[in-house]
Amino acid sequence: MRLGWRAISGPALTAATLLLTMFFDRFVPASSPAPLLVCIVALAGALSGPASAVASAAIAVIGAALLLLSRHGVAGLTTADMIQLGLLAATAAGTAGITGLMRQRLLGTFAAERRSHAIAARLSAALDQVDIGIVLLDAETRAEFINRAFRDYFAVPDDIADGKPPFVALMYHGRDTGAFELPEDELGTFIAQRMETVRIGDATPINIALRNGEVLRFVCAVLPDGGRMLSYTPVTDLVRHTDAPSRADYYRSLRDPAGRKLIRYLRVAE
């Protein structure tokens, strides 16, 4: 137990309460301070943990015993006095244990939450450094996280991205800003298809051409909690201008981590 004001406040307040009770008891017999002592023990446990609470409980029981002896003497102690002292000891000990353990559990929970927040902050900062657009959706397809690359590709302002917009709102934002290289009459069908892809969790990669000439490979992954992770990988640089346009799909397939697209391409080429 560290000796700070939190640690010593409980025992000090318990001792002060007992000393004041003994002082005033010389002039006017006071009622038992047991309820107040139990409250102080609980306060000590909440402020500093079980060690301070146990110390406060021990002082409370010893002080209550001295108070009874000063009133009645050893020969004048009755069974009722001993029962009262025993109840105080049991109650104070139980209160010290419960409040001390509750405080430790709460501190452990807070520490775990701080670690989780720190890890999430580092992960968010790391994802903002990659050139792959990342969008994390909850089970209701609302965007819980949108990294910097996606915001840049589709010109999404920070106030909109940080407001947890639904995925359909992001699609319509891309339509309104003219991000997609599609005719006007095909945009509605395109958005409906992307929404259906996200809804069913279809992991089939889809190339999305942007009006600025870039090509993004869109992939939807289903998360364990029912959410979705959407990735937009730039594949424009994988298509070399000096190569034959007919082999563009081959070079783009090289970006596929599992090599499934490359295998399919080679089988078709055979």
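One can find the structure itself at the top, above this paragraph.
This structure is a prediction, so every number in the text was calculated from the model and none was measured.

**Here's the deal with the sheet that holds strand β4 (residues 215-222)**
Sheet architecture is open: five strands sit in the order β2-β1-β5-β4-β3, paired in antiparallel fashion. Since the sheet does not close on itself, it has two edges, and those belong to β2 (143-146) and β3 (206-209), each with one partner. Each neighbouring strand pair of the sheet contributes to a mean axis angle of 20 degrees, computed without reference to strand direction. Two elements, β4 and strand β5 (residues 228-234), share seven bridges in a ladder whose sense is antiparallel. Looking at the pairing, Leu216 lines up with Pro234 of β5.

**Thoughts on the nonpolar core**
For soluble globular proteins, nonpolar side chains are generally found buried alongside one another. Ranked by internal contacts, the top residues of the largest apolar core, which has 26 residues, are Val135, Phe154, Leu230 and Tyr232. Residue contributions to this core peak at four residues, all from helix α8 (residues 184-200). Ignoring anything within four residues of it in the chain, the contact list for Phe154 reads His173, Thr177, Ala179, Phe180, Leu210, Leu216 and Tyr232. Leu18, Ala34, Val38 and Ala64 belong to the second-largest nonpolar core, a separate cluster that totals nine residues.

**A short note on the pattern of salt bridges**
Evaluation of the coordinates by the stated rule reveals five salt bridges. For Arg175, the salt bridge goes to Asp176, with nearest N and O atoms at 2.9 Å. A relative accessible area of 57% means that Asp176 is categorised as exposed. Among the charged side chains, a salt-bridge network with shared partners connects Arg148, Arg151, Asp158 and Asp162.

**Description of the pairing of β3**
Sheet topology places β3 next to β4; four bridges connect them, and they run antiparallel. Paired with Ile206 across the two strands is Phe218, which belongs to β4. Hairpin geometry of β3 and β4 is characterised by an intervening segment of five residues between the two adjacent antiparallel strands and by a positive phi of about 100 degrees at Gly213.

**Points about helix α7 (residues 167-176)**
Those residues of α7 not exposed but buried are Phe167, Leu170, Met171, His173 and Gly174. The buried residues of α7 occupy one face: seen down the axis, they fall within an arc of 160 degrees. Those residues of α7 that are buried are in contact with β1 (133-137), β2, α5 (148-153), α6 (158-161), α8 and β5. Of the residues flanking the end of α7, it is Gly178, one or two places downstream, whose phi is positive at about 70 degrees.

**Structural notes on the packing of α7 against α8**
Running from N to C, α7 and α8 point in directions that differ by 155 degrees, and their axes come no closer than 10 Å. If you check the angle between α7 and α8, you find them roughly antiparallel. The element α7 and its partner α8 pack so that their crossing is right-handed. Across the interface between the two elements, Phe167, Val168, Met171, Tyr172 and Arg175 of α7 pack against Leu187, Phe190, Ile191, Arg194, Met195 and Val198 of α8. Across the contact of α7 with α8, the residue classes tally to nine nonpolar, no polar and two charged.

What counts and how
The written sequence of each chain sets the order in which its residues are numbered from 1. Only residues with pLDDT of at least 70 get local features here, since the model is predicted, and only at 80 or more are side-chain atom pairs given and counted; chain-wide, interface and lining totals rely on the full set of residues. For the side-chain quantities, the full set of heavy atoms in the structure was used; hydrogens and water were omitted. For two strands to be treated as a pair, DSSP must find at least two bridges joining them. The helix and strand labels rest on DSSP assignments: H or I over at least four residues marks a helix, E over at least two residues marks a strand, and numbering proceeds from the N terminus. Axis angles are defined between N-to-C directions and span 0 to 180 degrees, where every axis is a line fitted to C-alpha atoms and, for a helix, only to the segment in contact. Side-chain atoms within 4.5 Å are what join buried Ala, Val, Leu, Ile, Met, Phe, Trp, Tyr and Cys residues into a set we call a nonpolar core. Working definition: with a 1.4 Å probe on protein chains only, accessible area under 20% of the residue-type maximum means buried, over 50% means exposed, and in between means partly exposed. Any two residues whose heavy atoms approach within 4.5 Å are treated as being in contact. The salt bridge criterion pairs a side-chain nitrogen of Lys or Arg with a carboxyl oxygen of Asp or Glu, the two atoms within 4 Å. This arc is built from the directions going out from the helix axis to the C-beta atoms. Convention used here: angles under 35 degrees read as roughly parallel, angles over 145 as roughly antiparallel, angles from 65 to 115 as roughly perpendicular, and any remaining angle as oblique. Working rule for handedness: look at the near helix, and if it is turned counterclockwise from the far one by less than a right angle, call the crossing left-handed; if clockwise, right-handed. Amino acids are sorted into nonpolar (Ala, Val, Leu, Ile, Met, Phe, Trp, Tyr, Cys and Pro), charged (Asp, Glu, Lys and Arg) and polar (every other residue, Gly among them).

Bear in mind that shape data such as this cannot, by itself, settle questions of function.
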